[in-house]
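# Coordinate analysis (summary)
Residue-level listing of the chains:
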Amino acid sequence: MGPDQHAQLDGFSLFLPFPYRVAVILVAGFWGWGANLQYLHKFNINLPRLIRYPDRSPNQRPHHTSAYHLATLLSIPLLLSLLIFWPVTHGSREWVESVDFIPQSYLFLFFVLLILPFNRLSRSGRHRFLVTLRRIIIGGLAEAQDGKFGDILLADALTSYAKVLADLAITFCMFFTPEVSSTSKPTRNCGSDYMAPLIIAIPSAIRLRQCLIEYLRVRRSGFKNDNKGGQHLANALKYASAFPVIILSAKLRNYSPFLFYDISEVFLSRLLYFFSFLNSSYSLYWDITKDWDLTLFTESRNDNEYPFGLRRNRCFTDRQYYLAISIDFALRFSWASRFVPGLTWLTDSEVGLFILMFLEVGRRWMWTFLRVETEWIRNKHGPAPNDILLGEINGKLDED
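Quick notes on the rules
Residues numbered from 1 in each chain as written. Predicted model: local features only at pLDDT ≥ 70, side-chain atom pairs only at ≥ 80, totals over all residues. Heavy atoms only, no water. Helix = DSSP H or I, 4+ residues; strand = E, 2+ residues; numbered from the N terminus. Contact = heavy atoms within 4.5 Å. Areas by Shrake-Rupley, 256 points an atom, 1.4 Å probe, with all protein chains shown as cover. Buried < 20%, exposed > 50% of the residue type's maximum accessible area, 1.4 Å probe, protein only. Arc of directions from axis to C-beta. Disulfide = S-S within 2.5 Å. 1 Å grid on protein atoms, 1.4 Å probe; cavity = no way out; pocket = protein on both sides within 12 Å on 5 of 7 lines; lining within 4 Å. Points joined across faces, edges and corners; volume = space filled by probe spheres on them. Nonpolar A, V, L, I, M, F, W, Y, C, P; charged D, E, K, R; others polar. Domains from an automatic or database assignment. Core = buried A, V, L, I, M, F, W, Y, C linked by side-chain atoms within 4.5 Å. Expected span 1.5 Å × (residues − 1). UniProt positions renumbered as here; feature names shortened; annotations may be inferred. Axes fitted to C-alpha atoms, helices over the stretch in contact; angles between N-to-C directions. Parallel < 35°, antiparallel > 145°, perpendicular 65-115°, else oblique. Left-handed = near helix turned anticlockwise from the far one by under 90°.

### Overview of the overall build of the protein
Within the protein, the regular secondary structure consists of 17 helices and zero strands. Within the protein, residue pairs in contact and separated by at least 24 positions form 69% of the contacts whose partners lie at least 6 positions apart. Carbon together with sulfur atoms contributes 63% to the accessible area of the protein, which is approximately 20300 Å² in total.

### So, helix H12 (residues 230–240)
Here H12 has its buried residues at His232, Asn235, Ala236, Lys238 and Tyr239. All buried residues of H12 lie within an arc of 150° about the axis, which places them on one face of the element. Structurally, H12 contributes buried residues whose contacts are with helix H9 (148–160), helix H11 (195–220), helix H13 (242–253) and helix H14 (265–291).

### Structural notes on the state of the cysteines
The final tally for this structure, using the stated rule, is one disulfide. The disulfide partner of Cys173 is Cys190, and the gap between their sulfur atoms is 2.1 Å. Residues Cys173 and Cys190 are joined through a disulfide that is left-handed, its torsion about the S-S bond being -85°. Of this pair, Cys173 sits in helix H10 (residues 162–175) while Cys190 is found in the loop between H10 and H11, placing the two residues 17 residues apart along the sequence. Pair check on accessibility: Cys173 and Cys190 agree, each one buried.

### Let's talk about empty space enclosed by the protein
Where empty space is left can be seen by rolling a probe of water-molecule size over the atoms. Tallied over the entire structure, the rule returns two cavities of 30 Å³ or more. Volume-wise, the second largest cavity comes out at about 60 Å³. Looking at the lining of the second largest cavity, its residues break down into six nonpolar, no polar and four charged. Residue contributions to the lining of the second largest cavity reach at least three from each of two domains, namely domain 1 (11–154) and domain 2 (292–383).

### Observations regarding the environment of Leu153
Inspection of the secondary structure assignment puts Leu153 in helix H9. Judged by relative accessible area, which is 8%, Leu153 ranks as buried. Along the sequence, Leu153 and Thr368 sit 215 residues apart, while their C-alpha atoms lie 7.7 Å from each other. In contact with Leu153, other than residues within four places in its own chain, are Leu47, Ile51, Trp367, Arg371 and Val372.

### Some details on unusual backbone geometry
With phi around 60°, Asn44 is a residue other than glycine that occupies positive phi space. As for its position among the elements, Asn44 is in the loop between helix H3 (18–42) and helix H4 (47–50). By relative accessible area, which is 30% here, Asn44 ends up partly exposed. Despite not being glycine, Glu179 has its phi angle at roughly 65°, a positive value. In this fold, Glu179 is placed in the loop between H10 and H11. Accessibility expressed as a relative area gives 62% for Glu179, which makes it exposed.

### Here we look at the nonpolar core
If you look at soluble globular proteins, the nonpolar side chains tend to sit buried side by side. Leu26, Leu74, Tyr106 and Phe110 are the most contacted members of the largest nonpolar core, which totals 38 residues. Looking at this core, the elements with two or more residues in it are H3, helix H5 (63–89), helix H7 (101–115), H10 and helix H17 (350–381). For this core, the element with the highest residue contribution is H3, accounting for eight residues. Domain assignment of the residues forming this core places at least three in each of domain 1 (11–154) and domain 2 (292–383).

### Describing H13
For H13, which comprises 12 residues, the first-to-last C-alpha distance of 17 Å matches the rise-based estimate of 16 Å (1.5 Å per residue) to within 8%. Tucked into the core, H13 has its buried residues touching H11, H12 and H14.

### Some words on the UniProt feature "transmembrane region" (unreviewed entry) in the protein
This chain's UniProt record puts "transmembrane region" (unreviewed entry) on residues 20–40, 67–89 and 101–118. Secondary structure content for residues 20–40 is 100% helix and 0% strand, and the end C-alpha separation is 30 Å. The distance separating the terminal C-alpha atoms of residues 67–89 is 33 Å; by composition the span is 100% helix and 0% strand.

### Focus: the packing of H14 against helix H15 (residues 318–332)
One can describe the packing of H14 onto H15 by two numbers: an axis separation of 10 Å at closest approach and a directional angle of 160°. One finds that H14 runs roughly antiparallel with respect to H15. The crossing of H14 and H15 is right-handed. Seen from H14, the contacting residues are Ser280, Ser283, Leu284, Asp287 and Ile288; seen from H15, they are Ile325, Asp328, Phe329 and Arg332. Counted by class, the contact of H14 with H15 contains four nonpolar, two polar and three charged residues.

### Looking at the packing of H11 against H12
As a packed pair, H11 and H12 sit with axes 8 Å apart at the nearest point and diverge in direction by 170°. The orientation of H11 relative to H12 falls into the category roughly antiparallel. Seen from H11, the contacting residues are Ser204, Arg207, Leu208, Cys211, Leu212, Glu214, Tyr215 and Val218; seen from H12, they are His232, Leu233, Asn235, Ala236 and Tyr239. Partitioned by chemical class, the residues of the contact of H11 with H12 number eight nonpolar, three polar and two charged.

So this is what it looks like as structure tokens:
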């Protein structure tokens, strides 16, 4: 271990070291999924039916209860691990770095509980999750009748978890690197300067390929109903716009004038800000206009037809839509906090980075409510103009 590594750990890292921060966000995702299922069910939106998951009889426990049980199964060992770690370390930098096997063991256990079938709790849900995950990772996309919407939801969720997954890989890299502790200050170029950027890029590449698959399916179908697939290409371009941001961020993190043909660091920074703004603006527009079918950025409406910026058919309160738009805007542009006096700590400190990653996962959780509600309304009332259809609408879905 380097002589100054102890001094690099701040109070937050002593309380919640790097591997635990990754674990907390991973587990939070399962609690969030349960909340998605429960809240949408209250509004008679059948999310399991949209993703082609088998319905349950009244005698069976609801889907959200199973999701909460799985989240509890993953949370209890995490809490026990922390209750062991805190008394053992007593806030000592030396001990925090010496017993990194405690938090790292939980991350190993997390995957054991999630993957191995020895525990019958939520077995069908875990199996469906793993099958879907495997399909999208190798570049596949189910047909509409086989759960394509579920593939898209999971792939989109991975884009919000991209940095978390990169940090997960970094924790194991640090753990298995001699003379380095995974509970030390994160070394995000562990293994290779480009390992983390590559992992961050994979979810966007998955969604990009799904969009291209959709486009090719539209072409093979003969462009039915005047649908020429152009919006699938536009959606693919949105995910492609993330790659310049990832590449430039990696180059600036490892900047050397001798490696970049005398291109100045200032110029690379300006390019990064330009592409960050482009990607955030495009993504915000797509969230509001295409994923949620809201009219904030589209043509004007007739007076009093529906509130400004919203749409005719809605399940939630008007205030919730406006709040979602505001939160989506703030978090899509959270990278700009480095230019706001008093907020630079968000991008310069470990606690700030943790908050930003947690908020991004929270933004995706919020996005899911409106995305699922939109898909439900499209299936019940027909698509809005310029919608990206996920398949032919075969009649109306019955409410629960």
